[in-house]
Amino acid sequence: MGGGSRALSLSSLCATTLAAARAPAPAPFLAPAHAHRAPPLLRLAAAMSSSSSNPTPAASGDAAAPAPSASSAIDFLTLCYRLKTTKRAGWVKRGVQGPESVADHMYRMGVMALVAADLPGVDRDRCVKMAIVHDIAEAIVGDITPSDNVPKEEKSRMEKEALDHMCELLGGGPRAQEIRELWMEYENNASLEAKVVKDFDKIEMILQALEYEKEQGRDLEEFFQSTAGKFQTDIGKAWAAEIASRRK
């Protein structure tokens, strides 16, 4: 489930977002284009080159690339602002009043990872980091839901390209690489930490559904049904059962 329900072309959206932060007049807003492939992403680097001072590449033999420059970091964070303003699409489409943003969703997932009991073989700090980056590509592509009829493979491609160019905007180096690795690990369900965080993703959704049901008198049964039987970890199953018990 997600927020925004819009996917803009990568180059146009990044350029528009950063231009809005830098220029006295807002840049033009482009129409959504969920069902179409993003244009060649090489244009994104060109769009950013005039507005961002990327760090100098590490000299041959250096152990690691330098940290992002101040300009690269602020450009990256400016783009991440869209996570705070993009509403989760599942709630929007069902008429929920004051729906949460993508950033709201990721924040509470991070808190879940922080307060969860220690689990054998699970790196809790890695779970916290994974929770706060797992939807980061939605800053560019928006929140694509099943009702948008975008094939899973196409959605994954769009989000991967968005992530790659966000990391490029950050200037590459160890921070960008860490974000990329965390995102790919989650996307591929490739570790115990990814399985835990994927369960937290579902837990956060059904907990939010319960809260909206109580606050707004809505029936959001479909969200509970969409997660039934899909939890991979004991903690996910236990927390889901607790939420279900509070719904009765």
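For the structure, see preceding data.
Scope of this entry: the structure provided in the associated data block. Quick caveat: nothing in here was measured; it's all calculated off a predicted structure.

1. Quick look at the overall build of the protein chain
Next, step 1: Looking only at helices and strands, the protein chain features 12 helices and zero strands.
Next, step 2: The contacts in the protein chain between residues at least 6 apart in sequence include a share of 72% that link residues at least 24 apart.
Next, step 3: When the accessible area of the protein chain is evaluated, it comes to approximately 12500 Å², of which 55% is carbon and sulfur surface.

2. With respect to the side chain of H134
Next, step 1: Looking at the secondary structure, you find H134 in the loop between α6 (124-133) and α7 (138-141).
Next, step 2: Since its relative accessible area comes to 4%, H134 is described here as buried.
Next, step 3: Side chain to side chain, H134 and D135 meet in a polar contact 3.1 Å long.
Next, step 4: A polar atom in the side chain of H134 sits 3.5 Å from the side chain of D201.
Next, step 5: Residues in contact with H134, not counting those within four places in the same chain, are H105, M106, M109, W183, Y186 and D201.

3. Brief notes about the nonpolar core
Next, step 1: Formed by 53 residues in total, the largest nonpolar core has its most connected members in L83, W91, I136, M166, F200 and I206.
Next, step 2: Looking at which element gives the most residues to this core, the answer is helix α10 (residues 192-216), with 10 residues.
Next, step 3: Ignoring any residue separated from it by four or fewer positions in sequence, one finds M166 in contact with F76, L79, C80, I136, A137, A139 and I140.

4. Details of helix α9 (residues 173-187)
Next, step 1: Look at α9: 21 Å from first C-alpha to last across 15 residues, which is about the 21 Å you get at 1.5 Å a residue.
Next, step 2: By the burial criterion, the buried members of α9 are A176, I179, L182, W183, E185 and Y186.
Next, step 3: Those residues of α9 that are buried lie in contact with α3 (70-85), α6, α8 (152-169) and α10.

5. Comments concerning the packing of α6 against α9
Next, step 1: Between α6 and α9, whose axes approach to 9 Å, the crossing angle comes to 90 degrees. Taken together, the axes of α6 and α9 are roughly perpendicular relative to one another. Contacts from R126, K129, M130 and V133 of α6 reach α9 at E178, I179, L182, W183, E185 and Y186.

Rules used throughout
Residue numbers restart at each chain and count upward from 1, following the sequence in its written direction. It should be noted that, the model being predicted, local features are given only for residues of pLDDT at least 70 and side-chain atom pairs only at 80 or more, the latter also being counted only at that level, while totals for whole chains, interfaces and linings use all residues. Hydrogens and water molecules were not included; the side-chain quantities draw on all heavy atoms of the structure. Think of it this way: any DSSP run of H or I at least four residues long counts as a helix, any run of E at least two long counts as a strand, and we number them from the N terminus. Any two residues whose heavy atoms approach within 4.5 Å at even a single point are treated as in contact. Areas reported here follow the Shrake-Rupley algorithm with a probe of radius 1.4 Å; residue values treat only the protein chains shown as occluding. Burial classes follow relative accessibility: with a 1.4 Å probe on protein chains only, a residue under 20% of its type's maximum area counts as buried, one over 50% as exposed, and anything between as partly exposed. Two N or O atoms form a polar contact when they lie within 3.5 Å of each other; inside protein one atom must be a possible hydrogen donor and the other a possible acceptor, and for residues adjacent in sequence the pair counts only when both atoms belong to side chains. Nonpolar cores were defined as sets of buried Ala, Val, Leu, Ile, Met, Phe, Trp, Tyr and Cys residues, with membership established by side-chain atoms within 4.5 Å. An expected span of 1.5 Å times one less than the residue number is assigned to each helix. Structural elements are reduced to axes, namely lines fitted to C-alpha atoms, with helices fitted over the stretch in contact, and the angle between N-to-C directions of any two is expressed from 0 to 180 degrees. Orientation is classified from the angle alone, with under 35 degrees giving roughly parallel, over 145 giving roughly antiparallel, 65 to 115 giving roughly perpendicular, and any other angle giving oblique.

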